[in-house]
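Here's the letter readout for the chains.
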Amino acid sequence: MTQARTMTDGGYNFAYLDEQTKRMIRRAILKAVAIPGHQVPFGSREMPLPYGWGTGGIQVTASIIGLVDVLKVIDQGADDTTNAVSIRRFFARTAGVATTEATADATIIQTRHRIPETALGDDQIIVYQVPIPEPLRWLEPREAETRKMHGLADYGVMHVKLYEDIATYGHIETSYDYPVLVNGRYLTAPSPIPKFDNPKMDAMAALQLFGAGREKRIYAIPPYTRVESLDFEDHPFAVQTWAARCAICGAEDSFLDEVIIDDHGGSMFVCSDTDHCGRRVAAGHRGEEG
Amino acid sequence: MMDGAALLDAPLLSARGITHSYGERIGCRDVTFDLWPGEVLGVVGESGSGKTTLLNCLSAQVIPSAGSLTYRLRTGDQADVYALSEAERRMLMRTDWGFVHQNPRDGLRMGVSAGANVGERLMAVGARHYGAIREQVTDWLGRVEMDLDRIDDLPSRFSGGMQQRVQIARNLVSGPRLVFMDEPTGGLDVSVQARLLDLLRGLTNDLGLSAVIVTHDLAVARLLSHRLMVMRRGAVVEQGLTDQVLDDPQHAYTQLLVSSVLQT
């Protein structure tokens, strides 16, 4: 039976990657978990999807997924977008695992741009797809220098960027990929999640793994690890807020997307997390359009 | 000019036998000197004489092939600069030392505003209060005679002279005791040079700064430095008080150098 499950789709190994590759990636993951927030290089493989579509995340998922896992994939918080659907189907075909759209039912959640609104538990792993793992990249283009800066915890320049935001806009304008300090030591890019989700990373019960395929880096935040968003004493970190509520479920506390609905400038705000929104509707909550 | 008599007890920086070679080529050879608190040392010589190599060795950006460098810390302890860890050296570089490059583009972050450039050192040593940082930045831009309404402009929109001012403010904001300058007025037109020299002389006087200034311009050396070292082919051929060296040069090369300046 195991044989049948592992060879689900004509000739591929279980979860696409060969076992030696998975072993190499698992070693990188173990090292990453041991040094929270530190970027570990790994031999990223060519995957059957283009860079930028989640090649890093998909390799991490392929290395940790087992027969009994239940996989959820989200893109911009939604389960039904192209990227999410194709990655979910990829693992359904190559690993034969069960998939779900319900956050609570999943054991592994691969994500791009969001952390689900439902709090994750300690039996879950969240895998982030990361385009640029180096938070210092736009400030210091030399890789040798950024590694040295990480080695010496020489992070003053990151505050220069936040200073620049305040000087230009009067407040910290950076709204996604907002830099965090993990476990009081490593400066880390949280991938392009909105800063709305940053507080969820702090002391999260679930294991957080980050895979950057093109840049060939893996990093991790172990469960219950301190994650601080950088800020100034007189300009403290704050998350986005909206004047509106979700038009479908009426939620006030979730991340909202503005959706254009006609040619006359009309728009509505809806939850970006489709699973969260759907469950609220099922529980009888209604917004203006619901 | 100096904080007190105690500071005069020992040199701030002691270089002994600094020698650096690039393979077969000699960068600088057996340079020995003491720099005292509040003293400005000029290093002159033709291009290729090893001035910049020496400056890089003195500022520990290059570790020389041989020689030792001792720096007296604020605590009074003597630090062997070449034996410091990278982290300690970086800390020294951004608190107690400054380095003004000839080309401001080498010393500035061109992608962020003048204010952010000046504030970087403060943030690097842990300043986390925007208002306080801003206040110090404004103060320093004022002291280098910058228009304060340019504080949020990118350095790339500034003239060469203004960029150089920002670079100087960026180095002095942390209250350093020792500043290295590599041709600080090179590439600027004469009137801007004069203003900048005036500014530098005022700042070194007011703050009691020690400085090592590399220049090929004898006029700059005469104006700024108390003591002068003349270099040729990597070696120091003559050193002494600035006026003494320039008015009564002993070494044949120094005589040539002094006589080659246009007399008006």
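Just so you know, these numbers come straight off a predicted model, no measurement behind them.

Student: Please clarify how the overall build of chain B should be interpreted in this entry.
Tutor: Helix and strand content of chain B: 10 helices and 10 strands. The C-alpha radius of gyration of chain B comes to 18 Å, within 12% of the 18 Å expected for a compact globule of 264 residues. On the principal axes, the C-alpha backbone points of chain B span a range of 55 × 45 × 40 Å. Of all 264 residues assigned to chain B, the portion counted as buried reaches 54%. Counting contacts in chain B only where the partners sit at least 6 residues apart, residues at least 24 apart contribute 67% of the total. The average position of the 26 basic charges and that of the 31 acidic charges among the side chains of chain B differ by 5 Å.

Student: What should I look at first to understand the environment of A:Ile126 in this one?
Tutor: Here A:Ile126 is to be found in strand E5 (residues 125–129). Beyond its immediate stretch of four places on either side in the chain, A:Ile126 contacts A:Ile109, A:Thr111, A:Ile115, A:Pro116, A:Leu120, A:Met204, A:Leu207, A:Gln208 and A:Leu209.

Student: Is there a simple way to explain the interface of chain B and chain A in this structure?
Tutor: Each partner contributes to the interface: chain B provides 23 residues, whereas chain A provides 20 residues. Counting each side, the surface lost to burial between chain B and chain A is near 1800 Å², with a carbon and sulfur contribution of 59%. If you sort the residues of chain B by the area they bury against chain A, B:Arg90, B:Arg128 and B:Tyr130 come out on top, with a joint share of 39%. A salt bridge links A:Asp154 to B:Arg94, with the shortest nitrogen-to-oxygen separation between them at 2.6 Å. Between chain B and chain A we count 11 residue pairs in polar contact (both at pLDDT 80 or more) in total. Every element with two or more residues in the side of chain B that touches chain A is listed here: helix H2 (86–95), helix H4 (114–124) and helix H5 (130–143) of chain B.

Student: Explain the state of the cysteines to me, please; I cannot follow it from the model alone.
Tutor: Formally, a disulfide is one covalent bond, and it connects the sulfur atom of one cysteine to the sulfur atom of another. Going through the model one piece at a time under the given rule, you end up with zero disulfides over all chains. Free cysteine: A:Cys249, not disulfide-bonded; nearest cysteine sulfur from A:Cys271 at 3.6 Å. A disulfide-free cysteine, B:Cys28 has its sulfur positioned 4.6 Å from the sulfur of B:Cys57, the nearest such atom.

Student: Can you help me understand the pattern of salt bridges in this one?
Tutor: Opposite charge on two side chains lets them pair, provided their charged atoms get close. In this structure the tally under the stated criterion is 34 salt bridges over all chains. Beyond isolated ion pairs, a larger network of salt bridges with shared partners links A:Glu145, A:Asp154, B:Glu86, B:Arg90 and B:Arg94.

Student: Got a minute to help me understand the pairing of strand E2 (residues 70–75) of chain A in this structure?
Tutor: Walk down a regular strand and you will see the side chains alternate between the two sheet faces. Residue and element names in this part refer to chain A. Across the six residues of E2, six count as buried, placing the element largely inside the fold. By the alternation rule, side chains of E2 split into Val70, Lys72 and Ile74 and Leu71, Val73 and Asp75, which are all buried. In the sheet, E2 pairs with strand E3 (residues 98–99) via two bridges, with the strands oriented parallel. Bridge pairing links Leu71 to Thr99 in E3. With respect to chirality, the unit in which E2 leads through helix H4 (residues 82–94) into the neighbouring parallel E3 is right-handed. As judged from the five bridges shared by E2 and strand E4 (residues 108–112), these two strands associate in the parallel manner. Pairing of Ile74 across the sheet is with Thr111, part of E4.

Student: Honestly, the confidence of the model for chain A in this entry has me stumped. Any pointers?
Tutor: Parts of the prediction with low pLDDT should not have their coordinates interpreted in detail. Across chain A, the average pLDDT comes to 93, with 96% of residues at or above 70. This stretch, residues 1–7 of chain A, has a pLDDT under 50; its non-local contacts, to residues over four places away or in other chains, come to 10 contacts.

Student: Could you clarify how one ought to interpret unusual backbone geometry in this entry?
Tutor: Where the residue is not glycine, phi is negative for most of them; where a peptide bond is considered, it is trans in most cases. The backbone phi angle of A:Asn183 is positive, close to 55°, even though this residue is not glycine. Position of A:Asn183 among the secondary structure elements: in the loop between strand E6 (180–182) and strand E7 (186–188). Residue A:Asn183 is classed as partly exposed on the basis of its relative accessible area of 42%. In this structure, B:Glu183 takes a positive phi of about 50° despite not being glycine. Assignment of secondary structure puts B:Glu183 in the loop between strand E7 (178–182) and helix H7 (190–207).

Student: Got a minute to help me understand the pairing of strand E11 (residues 256–260) of chain A in this structure?
Tutor: All names here are of chain A. Of the strand pairs in this sheet, E11 and strand E12 (residues 267–271) are connected by five bridges, and their pairing is antiparallel. Pairing of Leu256 across the sheet is with Cys271, part of E12. Linking two consecutive strands that pair antiparallel, namely E11 and E12, is a turn of six residues; a positive phi of about 85° is found at Gly265 within it.

Basis of the calculations
- Residues numbered from 1 in each chain as written.
- Chains lettered and ligands numbered in written order.
- Predicted model: local features only at pLDDT ≥ 70, side-chain atom pairs only at ≥ 80, totals over all residues.
- Heavy atoms only, no water.
- Helix = DSSP H or I, 4+ residues; strand = E, 2+ residues; numbered from the N terminus.
- Rg over C-alpha atoms; globule rule 2.2 N^0.38 Å.
- Buried < 20%, exposed > 50% of the residue type's maximum accessible area, 1.4 Å probe, protein only.
- Contact = heavy atoms within 4.5 Å.
- Lys, Arg positive; Asp, Glu negative; His and termini not counted.
- Charge placed at Lys NZ, Arg CZ, Asp CG, Glu CD.
- Buried area = accessible area lost by both parts, 1.4 Å probe.
- Salt bridge = Lys/Arg side-chain N within 4 Å of Asp/Glu carboxyl O.
- Polar contact = N/O pair within 3.5 Å; in protein donor to acceptor, adjacent residues only side chain to side chain.
- Disulfide = S-S within 2.5 Å.
- Pairing = 2+ DSSP bridges.
- Right-handed = clockwise from strand over helix to strand, strands pointing away.
- pLDDT = per-residue confidence, 0-100.

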